[in-house]
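What the coordinates show
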Amino acid sequence: MTYIVRVPVTICPDGGDVRTHRYKITISGGLGETGREAFRDFQIERNGTNTMLTGELDQAGLYGALNRVQALGLELVELSRLADGTS
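Let me sum up the structure you'll find in this document. (Residues numbered from 1 in each chain as written. Predicted model: local features only at pLDDT ≥ 70, side-chain atom pairs only at ≥ 80, totals over all residues. Heavy atoms only, no water.)

1. Notes on the packing of aromatic side chains
Enumeration according to the criterion identifies one aromatic pair in this entry. For the ring pair phenylalanine 39 and phenylalanine 42, a centre distance of 5.7 Å and an interplane angle of 75° mean the geometry is edge-to-face. Exposure remark for phenylalanine 39: the relative accessible area of 0% places this residue in the buried category. (Phe/Tyr/Trp six-rings, centres within 6.5 Å; stacked < 30°, edge-to-face > 60°. Buried < 20%, exposed > 50% of the residue type's maximum accessible area, 1.4 Å probe, protein only.)

What follows is the structure, encoded as structure tokens:
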């Protein structure tokens, strides 16, 4: 039996490709209006004292998201790359 796994790929202008993966960024506390706007491209879930931000990102997007966490003064609790098909 053969399985085909399709990995999301974005073609770069210089001819290379960029792989994307699903990430979950967990931050301490909740997000106010500014935080929700800053992360509007993520699925946002509140779980007790933490907030989880889940999204499909390439490496540049991941670093950009982490920069937003830092710029907003949020506390990073955990960063996870999720297996394909999980949320």
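2. Quick word on the nonpolar core
Membership of the largest hydrophobic core is limited to eleven residues, which are Tyr23, Ile25, Ile27, Leu31, Phe39, Phe42, Leu53, Leu57, Leu62, Ala65 and Val69. Those elements that place two or more of their residues in this core are strand 3 (21-28), strand 5 (50-57) and helix 2 (59-71). When neighbours within four sequence positions are excluded, phenylalanine 42 is seen to be in contact with Ile25, Leu53, Thr54, Gly55, Leu57, Ala65 and Arg68. (Core = buried A, V, L, I, M, F, W, Y, C linked by side-chain atoms within 4.5 Å. Helix = DSSP H or I, 4+ residues; strand = E, 2+ residues; numbered from the N terminus. Contact = heavy atoms within 4.5 Å.)

3. Re the pattern of salt bridges
Oppositely charged side chains can form a pair if their charged atoms are brought close together. Within this structure, the stated rule accounts for two salt bridges. Salt-bridge contacts for glutamate 37 lead to arginine 40; the nearest nitrogen and oxygen are separated by 2.8 Å. Using a relative accessible area of 45% as the deciding quantity, one classes glutamate 37 as partly exposed. Here arginine 68 and aspartate 41 are joined by a salt bridge, their closest N and O atoms 3.2 Å apart. Placement of the pair is arginine 68 in helix 2 and aspartate 41 in the loop between helix 1 (33-38) and strand 4 (43-47), with a sequence separation of 27 residues. (Salt bridge = Lys/Arg side-chain N within 4 Å of Asp/Glu carboxyl O.)

4. Here we look at the sheet that holds strand 3
Strands sit in the order 4-5-3-6 across an open sheet of four strands; the sheet is antiparallel. Edge strands, defined here as strands with exactly one partner in the open sheet, are strand 4 and strand 6 (76-81). Sheet twist, expressed as the average angle between the axes of neighbouring strands with direction ignored, equals 20°. Taken together, the five bridges between strand 3 and strand 6 define a ladder with antiparallel strand orientation. Counted as the bridge partner of isoleucine 25 is leucine 79 from strand 6. Lying on the sheet, helix 2 is in contact with strand 3, strand 5 and strand 6; it crosses strand 3 at an angle near 10°. (Pairing = 2+ DSSP bridges. Axes fitted to C-alpha atoms, helices over the stretch in contact; angles between N-to-C directions.)

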